[in-house]
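Structure at a glance
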Amino acid sequence: MNKKEKRLRRCKKMRFILKKQNKLRLVVHKTSCHIYAQIVYQLNNCSRVLVYASTLEKRNNIKYGGNKNSAKKIGKLIALRAVKRNIFNVVYDRSGFKYHGRIKILADNARKYGLIF
């Protein structure tokens, strides 16, 4: 079993648990060059993105999105946008990625700026 299969297995198990809760999810996805975060409301089979932040947005002025500094900025940005829309309690969905490095830093900064999970 390679890395991708392990990640997908963790992701599938996590989504099964999160589907039962019907709460807002902070979904994080990373690639080698970018990091994406979005807050999703999911009810049954319908899902809707409420807040979004990414290193691809031009207004963020992030030159390279694959490092820890960009993860800090995205964590801060997603939290500030969520608080602005009165979203405080979310469930952290790390998309099967291990909780370390950029994923952990993004979560810590999101907590620091007002999100609760």
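Below, the structure is looked at part by part. Predicted model only: the values in this text are computed from it and were never measured. (Residues numbered from 1 in each chain as written. Predicted model: local features only at pLDDT ≥ 70, side-chain atom pairs only at ≥ 80, totals over all residues. Heavy atoms only, no water.)

1. Notes on the overall build of the protein
Helices and strands together make up the secondary structure of the protein, namely three helices and four strands. Helices and strands appear in the protein in the N-to-C order α-β-β-β-α-β-α. Here the C-alpha radius of gyration of the protein, 14 Å, is about what a compact globule of 117 residues would show, namely 13 Å. When its C-alpha atoms are laid out on the principal axes, the protein stretches across 40 × 35 × 20 Å. Within the protein, buried positions represent 40% of all 117 residues. Taking the contacts inside the protein whose residues are at least 6 apart along the sequence as the reference set, 59% of them involve residues at least 24 apart. When the accessible surface of the protein is totalled, it reaches about 7,600 Å², and 53% of it is carbon and sulfur. The distance from the centre of the 31 positive side-chain charges to the centre of the 4 negative ones in the protein is 2 Å. (Helix = DSSP H or I, 4+ residues; strand = E, 2+ residues; numbered from the N terminus. Rg over C-alpha atoms; globule rule 2.2 N^0.38 Å. Buried < 20%, exposed > 50% of the residue type's maximum accessible area, 1.4 Å probe, protein only. Contact = heavy atoms within 4.5 Å. Areas by Shrake-Rupley, 256 points an atom, 1.4 Å probe, with all protein chains shown as cover. Lys, Arg positive; Asp, Glu negative; His and termini not counted. Charge placed at Lys NZ, Arg CZ, Asp CG, Glu CD.)

2. What to know about the sheet that holds strand S2 (residues 35–43)
Pairing in this open sheet of four strands is mixed, and the strands run S3-S2-S1-S4 from one edge to the other. What marks the edges here is a single partner per strand, and that holds for strand S3 (46–54) and strand S4 (91–93). Shown here is a sheet whose adjacent strand axes are inclined to one another by a mean of 25°, direction ignored. Strand contacts of helix H2 (residues 68–84): strand S1 (24–30), S2 and S3, with the helix running at about 125° to S3, the strand carrying the most contacts. Strand contacts of helix H3 (residues 102–112): S1, S2 and S4, with the helix running at about 145° to S1, the strand carrying the most contacts. (Pairing = 2+ DSSP bridges. Axes fitted to C-alpha atoms, helices over the stretch in contact; angles between N-to-C directions.)

3. Notes on the environment of Lys112
Relative to the elements of secondary structure, Lys112 occurs in helix H3. Owing to a relative accessible area of 61%, Lys112 belongs among the exposed residues under this scheme. When the C-alpha atoms of Lys112 and Ala79 are compared, they prove to be 8.4 Å apart, with 33 residues separating the residues in sequence.

4. Considerations on the side chain of Arg102
Turning to its location among the elements, Arg102 is positioned in helix H3. A polar atom in the side chain of Arg102 sits 2.8 Å from the backbone oxygen of Thr31. Residues within four places of Arg102 in sequence aside, it is in contact with Lys30, Thr31, Ser32, His34, Ile35, Gly65, Gly66, Asn67, Lys68 and Ala71. (Polar contact = N/O pair within 3.5 Å; in protein donor to acceptor, adjacent residues only side chain to side chain.)

5. Description of the pairing of S2
Bridge analysis of S1 against S2 gives seven bridges, and the strand direction is antiparallel. Pairing of Leu24 across the sheet is with Tyr41, part of S2. In sequence, S1 turns back onto S2 through a hairpin of four residues. For S2 and S3, the ladder comprises eight bridges, and the chain directions are antiparallel. Bridge pairing in S3 links Ile39 to Val51. The hairpin formed by S2 and S3 contains two residues between the paired strands, and Asn44 there has a positive phi angle of roughly 55°.

6. A short note on the pattern of salt bridges
Side chains bearing opposite charge may pair, as long as their charged atoms lie close to each other. Under the definition given, this model contains four salt bridges. Arg25 is the partner of Asp93 in a salt bridge, and the nearest nitrogen-oxygen pair spans 2.7 Å. Note that Asp93 is positioned in strand S4 and Arg25 in strand S1, a separation of 68 residues in sequence. Both residues of the pair, Asp93 and Arg25, belong to the buried class. Arg81 is the salt-bridge partner of Glu57, the closest N and O atoms lying 3.0 Å from each other. Highlighted residues: Glu57 in the loop between S3 and H2 and Arg81 in helix H2, separated in sequence by 24 residues. (Salt bridge = Lys/Arg side-chain N within 4 Å of Asp/Glu carboxyl O.)

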